[in-house]
Amino acid sequence: MKQDKLIDWLTVNCPIFVSLLNQKAKGNLPNGIINYLGTGAESEIEAGRTNFLTIESSLHELISYSCEKEVGDSYRRDLSNVSTEKTLSEIFCEIALCVKVGSNSGSITLRPSTGKGTHSDCKFHIHDVEIYGEVKRYQED
């Protein structure tokens, strides 16, 4: 599928996702997004679109637990430079986890410092217990 068609589809169907991309990526989609949405059999392309629509809904919910600026600051760089479908899938899994724990805790901090020179994927509280979350996605070959 041609890039301009992908950009049009994303702009119409996934405006929150598109708003997270930097200006360069909005005009020239990264390879990970192009491959996820525009390559493979028709069934794979449809599955990719379905996943994007799910993530669009998840981003809307995540913004309600966090804020649009924090979501943008947390994901803009990675989404704007995503080079593979695998990496994009990993980011989608991270977003899905953050939405789920955010819905249970009522608030969430995205990509917080752990205090050890690293960053976690998220931090949230349940019953006054501070919990750091990290997503690992293992795919069978």
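How each quantity is defined
- Residues numbered from 1 in each chain as written.
- Predicted model: local features only at pLDDT ≥ 70, side-chain atom pairs only at ≥ 80, totals over all residues.
- Heavy atoms only, no water.
- Pairing = 2+ DSSP bridges.
- Helix = DSSP H or I, 4+ residues; strand = E, 2+ residues; numbered from the N terminus.
- Contact = heavy atoms within 4.5 Å.
- Core = buried A, V, L, I, M, F, W, Y, C linked by side-chain atoms within 4.5 Å.
- Buried < 20%, exposed > 50% of the residue type's maximum accessible area, 1.4 Å probe, protein only.
- 1 Å grid on protein atoms, 1.4 Å probe; cavity = no way out; pocket = protein on both sides within 12 Å on 5 of 7 lines; lining within 4 Å.
- Points joined across faces, edges and corners; volume = space filled by probe spheres on them.
- Nonpolar A, V, L, I, M, F, W, Y, C, P; charged D, E, K, R; others polar.

Caption draft 1: Looking closely at the pairing of strand β3 (residues 129–133). As paired strands, strand β2 (residues 122–126) and β3 are joined by 5 bridges and run antiparallel to one another. Pairing of C122 across the sheet is with G133, part of β3. Here β2 folds back onto β3 in antiparallel fashion, the turn holding 2 residues, of which H127 has a positive phi close to 50 degrees.

Caption draft 2: Spotlight on the pairing of β2. Pairing geometry for strand β1 (residues 109–110) and β2, over 2 bridges, is antiparallel. Directly across from L110, in β2, lies its bridge partner C122.

Caption draft 3: Examining the side chain of S58 more closely. Along the chain, S58 turns up in helix α5 (residues 42–65). The residues contacting S58, other than those within four sequence positions of it, are I95 and V99.

Caption draft 4: Inspection of the nonpolar core at higher detail. If you look at the biggest cluster of nonpolar residues, it comprises 36 residues, and the most contacted ones within it are L10, F17, I33, F52, L62, Y75 and I108. Among the secondary structure elements, those contributing two or more residues to this core are α1 (3–13), α2 (15–20), α4 (31–38), α5, α6 (68–80), α7 (85–105) and β2. By residue number, the principal contributor to this core is α7, which donates 7 residues. With residues near it in sequence (within four places) discarded, F17 still touches L10, I33, F52, E56, L59, L79 and F92.

Caption draft 5: Representation of the layout of surface pockets. Estimates place the volume of the largest pocket at around 180 Å³. Taken together, D78, E90, I91, E94, R111, H119, S120, D121, V135, K136 and R137 make up the full set of residues lining the largest pocket. In terms of residues, the lining of the largest pocket owes the most to one element, α7, which gives 3 residues. Among the residues forming the lining of the largest pocket, the class breakdown is 2 nonpolar, 2 polar and 7 charged.

Caption draft 6: Main features of empty space enclosed by the protein. For the coordinates displayed, the defined rule picks out 1 cavity of 30 Å³ or more. Computed from the structure, the largest cavity encloses a volume of approximately 30 Å³. Contributing to the lining of the largest cavity are I7, L10, T11, V18, L21, K26 and L29. Of the residues forming the lining of the largest cavity, the biggest block, 3 residues, is contributed by α1. The residue inventory of the lining of the largest cavity, partitioned by class, reads 5 nonpolar, 1 polar and 1 charged.

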